[in-house]
Amino acid sequence: MPKINANTIKPGMVLEYQGGLWSVVKTAHVKPGKGGAFAQVELKNLITGTKLNERLRSEDTVDRVTLEQKDHLYLFEDGDMLVFMDQENYEQISLHKDWVGEDQIQYLHDGMIVILEFHDERPISITLPDTVILEVIETEPTIKGQTASSSYKPAKASNGMRVMIPPFMGVGERIVVSTADGEYMKRAD
């Protein structure tokens, strides 16, 4: 693993520090009037999720880790496990639902391509596409003349989640939803 100076650490980097894998959340480079410069670094453990604030001098070095990113196809749910297939060698990998997280599971559907990041053949994180297309299966009826209002109405999507949609939309329409916050973005083509 390449060693880097503490003053080159940037948010988004993955470091091996104190025997664990850490993602850099925030950095602040400080040069006090007295003494040497240092970097105040906020780290998040990729395995346990714990946070750590460290003060590293500019001459300190840390190990930068490069994660391998692979496209995987979501296949199916098997009890408490979710099964994905590597797009290159067709090997299947099962990940526990708790590891993936309930907030991301709700967007998964058969045939979806996700990116899994690996370190030493061990999955570290999963990244979903930025948006998904869902169908509106339940909502209030459209009221004539309400198309110009800026208010939204509640709707239930095909994956069971509640989404606020424009008042002119009805049951059976397909919508694009952001996987980051679950917000309606636009009508699907």
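Residues numbered from 1 in each chain as written. Predicted model: local features only at pLDDT ≥ 70, side-chain atom pairs only at ≥ 80, totals over all residues. Heavy atoms only, no water.

Caption draft 1: Fine view of the overall build of the protein. Counting secondary structure elements, the protein contains two helices and 16 strands. Here the C-alpha radius of gyration of the protein, 22 Å, is well above what a compact globule of 189 residues would show, namely 16 Å. Sequence separation of 24 or more characterises 43% of the internal contacts of the protein that already satisfy a separation of 6 or more. By element, 48% of the accessible surface of the protein is carried by carbon and sulfur atoms, the whole surface being about 11,500 Å². A distance of 10 Å separates the average location of the 20 positive side-chain charges in the protein from that of its 29 negative side-chain charges. (Helix = DSSP H or I, 4+ residues; strand = E, 2+ residues; numbered from the N terminus. Rg over C-alpha atoms; globule rule 2.2 N^0.38 Å. Contact = heavy atoms within 4.5 Å. Areas by Shrake-Rupley, 256 points an atom, 1.4 Å probe, with all protein chains shown as cover. Lys, Arg positive; Asp, Glu negative; His and termini not counted. Charge placed at Lys NZ, Arg CZ, Asp CG, Glu CD.)

Caption draft 2: How the structure looks around the nonpolar core. With 27 residues, the main nonpolar core has F84, L108, V163, I165 and I175 as its most contacted residues. Put simply, the parts of the chain that give this core at least two residues each are β8 (81-86), β9 (92-96), β10 (113-119), β12 (131-139), β13 (153-157), β14 (162-165) and β15 (174-178). In this structure F84 touches H72, L73, Y74, L75, E91, Q92, I93, L95, L108, V114 and I126, once residues within four positions along its chain are discounted. In this structure, L15, V24, L43 and L52 belong to the second largest nonpolar core, which totals 14 residues. (Core = buried A, V, L, I, M, F, W, Y, C linked by side-chain atoms within 4.5 Å. Buried < 20%, exposed > 50% of the residue type's maximum accessible area, 1.4 Å probe, protein only.)

Caption draft 3: Expanded view of the sheet that holds strand β11 (residues 122-127). The five strands are arranged β9-β8-β7-β10-β11 in an open sheet whose pairing can be described as antiparallel. Strands with a single pairing partner mark the edges of an open sheet, and in this sheet they are β9 and β11. Each adjacent strand pair in this sheet contributes to an overall mean axis angle of 40°, direction not counted. The pairing of β8 with β9 spans five bridges and is classified as antiparallel. Paired with L82 across the two strands is L95, which belongs to β9. (Pairing = 2+ DSSP bridges. Axes fitted to C-alpha atoms, helices over the stretch in contact; angles between N-to-C directions.)

Caption draft 4: Quick peek at the pattern of salt bridges. Per the counting criterion, the structure on display carries 10 salt bridges. Residue K97 is joined to E77 by a salt bridge in which the shortest nitrogen-to-oxygen separation is 2.5 Å. In this pair, K97 sits in helix α1 (residues 97-100) while E77 sits in strand β7 (residues 68-78), placing the two residues 20 residues apart along the sequence. Linking E173 and R187 is a salt bridge whose minimum nitrogen-to-oxygen distance equals 2.9 Å. Of this pair, E173 sits in the loop between β14 and β15 while R187 sits in strand β16 (residues 184-187), placing them 14 residues apart in sequence. Judged by relative accessible area, which is 21%, E173 ranks as partly exposed. (Salt bridge = Lys/Arg side-chain N within 4 Å of Asp/Glu carboxyl O.)

Caption draft 5: View of the sheet that holds β15. Strand order across the open sheet formed by five strands is β14-β13-β12-β15-β16, with antiparallel pairing between neighbours. Lying at the two open borders of the sheet, with one neighbouring strand each, are β14 and β16. Within this sheet the neighbouring strands show an average axis-to-axis angle of 50°, counted without direction.

Caption draft 6: Structural view of a negative patch on the surface. On the surface, D80, D98, E102 and D103 cluster together into a negatively charged patch. Within the secondary structure, D98 is located in helix α1. Under the relative-accessibility criterion, D98 is labelled exposed at 68%. (Patch = residues over 30% accessible without salt bridge, like charges linked within 9 Å, V, L, I, M, F, W, Y side chains within 5 Å.)

Caption draft 7: Highlighting the UniProt feature "domain: Translation elongation factor P/YeiP central" (unreviewed entry) in the protein. Residues annotated by UniProt as "domain: Translation elongation factor P/YeiP central" (unreviewed entry) correspond here to residues 69-124. Helix and strand shares over residues 69-124 are 14% and 55% respectively, and the end C-alpha atoms of the span are 10 Å apart. (UniProt positions renumbered as here; feature names shortened; annotations may be inferred.)

Caption draft 8: The arrangement of the layout of surface pockets in detail. Considering only enclosed or pocket space, the largest pocket measures out at about 290 Å³ in volume. As for the largest pocket, its lining consists of S23, K44, N45, L46, I47, G49, W99, V100, I124, S125 and I126. Residue assignment for the lining of the largest pocket shows that the elements contributing at least two residues are β4 (38-45), α1 and β11. Counting residues per element, the lining of the largest pocket draws most heavily on β11, which supplies three residues. (1 Å grid on protein atoms, 1.4 Å probe; cavity = no way out; pocket = protein on both sides within 12 Å on 5 of 7 lines; lining within 4 Å. Points joined across faces, edges and corners; volume = space filled by probe spheres on them.)

Caption draft 9: Spatial organisation of the environment of K44. Of note, K44 is situated in strand β4. On the basis of relative accessibility, which here comes to 38%, the residue K44 falls in the partly exposed class. Here the alpha-carbon distance between K44 and K70, two residues 26 residues apart in the chain, equals 22 Å. Beyond its immediate sequence surroundings of up to four residues, K44 is in contact with L21, W22, S23, V25, G49, T50 and K51.

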